[in-house]
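Given next are the chains, with one letter for each unit.
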Amino acid sequence: MPQRSNDFQQLIRRIYEQLLSTTAKITESAMLKELDGSGTREVDILIEILTPGMDTPTRIAIECRDHGRASDVTWIDELIGKYRNLPISRVIAVSRKAFTSMADRKAQRNNIETRTLAEALATDWPEDLFELDFTNVVHWPVVTDVSIVSEPPWSDGETPTAVRLSGLPVEALGFAAWQRKCFAEAFDSAVQQQRNFGISEFAAPGTHKFEVFLSPLPVRVALFGAEGAQHVVLGLHLRGEVEVEHHILRNERYRFGKVGVTRARGSVHRGDVDVLAVQEQGGGVSVKVTTTKRR
């Protein structure tokens, strides 16, 4: 994605993604050729809707401005000049703040729609959207006991002299970290299964005892004893505890035209989570969750 993209532009794109049908193609920081072939221009967000019987899609351009002051007529003048020579059917100018009255009037005269993304505290908006509070559940797993089923059998309490995962050698700490990862993934799967059945035992805050038998294993595991003999691991019985914490995500609430938006963002131990709930007035709520892993 081009560097010019910013958080506000991405937010507007995600709102439109949830409002439009799946037949619409949405591209952020799209490059369009000018009609006279003189060059290309960047469009913040390009929406292309293919209409049956038409050779080319209907193109809608969305320009975003995230300034701390009202958007003035200068920006509208820039957009008029920019789109005079581009194959666009509609232009929508979106500002986090309001537009000046002069900017609004000039935009209307030149068929540019203006929309703002403002704090939504209006009393006439459906209350159910603004009562949404998103919580992120964080798991902290600790493996306390491991039983190994292998061929030939592995003696409990014996310390391997070497470990190989999928043929690659790993240190003892690496093998322990891999077991903890398997333990955590099994716990996450158990939480999801409980959720599917309407049970929330493991999702509740606090310390939960948990155990799982893994067989077959997701990768080939081989242990080597003191005499150098190889033991192929067939299964692992992992026992331990998982500390469950609930982190309330920071919620932001906006009104965008006739759309209510609740956005919740926060950091988790493996990355970041961004939840966007969008509701058209009188309609249902669409929720989309985006997670980003840290490198």
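Residues numbered from 1 in each chain as written. Predicted model: local features only at pLDDT ≥ 70, side-chain atom pairs only at ≥ 80, totals over all residues. Heavy atoms only, no water.

Draft legend 1. Looking closely at unusual backbone geometry. Look at the link from Glu151 to Pro152: it is a cis peptide, with omega at -10 degrees. By secondary structure assignment, the location of Pro152 is in the loop between β6 (135–151) and β7 (162–165). Residue Pro216 is bonded to the preceding Ser215 through a cis peptide linkage, with omega at 0 degrees. Structurally, Pro216 can be placed in the loop between β9 (206–214) and β10 (221–224). Although it is not a glycine, Ser29 adopts a positive phi angle of roughly 55 degrees. Here Ser29 is to be found in strand β1 (residues 24–33). (Helix = DSSP H or I, 4+ residues; strand = E, 2+ residues; numbered from the N terminus.)

Draft legend 2. Structural context of a nonpolar patch on the surface. A cluster of nonpolar side chains, Val149, Phe213 and Leu234, forms an exposed patch at the surface whose accessible area comes to about 270 Å². Here Phe213 is to be found in strand β9. (Patch = residues over 30% accessible without salt bridge, like charges linked within 9 Å, V, L, I, M, F, W, Y side chains within 5 Å. Areas by Shrake-Rupley, 256 points an atom, 1.4 Å probe, with all protein chains shown as cover. Salt bridge = Lys/Arg side-chain N within 4 Å of Asp/Glu carboxyl O.)

Draft legend 3. Representation of the confidence of the model for the chain within the structure. Confidence along the chain averages 84 in pLDDT terms, with 86% of residues attaining 70 or more. When the criterion is pLDDT under 50, residues 120–131 qualifies, and its contacts beyond four places in sequence or with other chains add up to 28 contacts. (pLDDT = per-residue confidence, 0-100. Contact = heavy atoms within 4.5 Å.)

Draft legend 4. Fine view of the packing of aromatic side chains. Using the criterion set out here, one finds 5 aromatic pairs in the structure. A centroid spacing of 5.5 Å and a plane angle of 65 degrees characterise the contact between Phe183 and Phe210, whose relative ring orientation is edge-to-face. Pair noted here: Phe183 is in helix α5 (residues 172–196) and Phe210 is in strand β9, with a separation of 27 residues, a long-range link. For the residue pair Phe183 and Phe210, the accessibility class agrees, reading buried in each case. (Phe/Tyr/Trp six-rings, centres within 6.5 Å; stacked < 30°, edge-to-face > 60°. Buried < 20%, exposed > 50% of the residue type's maximum accessible area, 1.4 Å probe, protein only.)

Draft legend 5. Layout of the pairing of strand β3 (residues 58–65). Among the 8 residues in β3, 6 count as buried, and that is most of the element. Direction of pairing for strand β2 (residues 40–49) relative to β3: antiparallel, over a ladder of 5 bridges. Along β3, the bridge assignment pairs Ile49 with Thr58. Inspection of the sheet shows β3 paired to strand β4 (residues 90–95) by 6 bridges, in the parallel sense. Bridge pairing in β4 places Cys64 opposite Val94. For the crossover that starts at β3, traverses helix α2 (residues 73–83) and ends in the parallel β4, the hand is right-handed. (Pairing = 2+ DSSP bridges. Right-handed = clockwise from strand over helix to strand, strands pointing away.)

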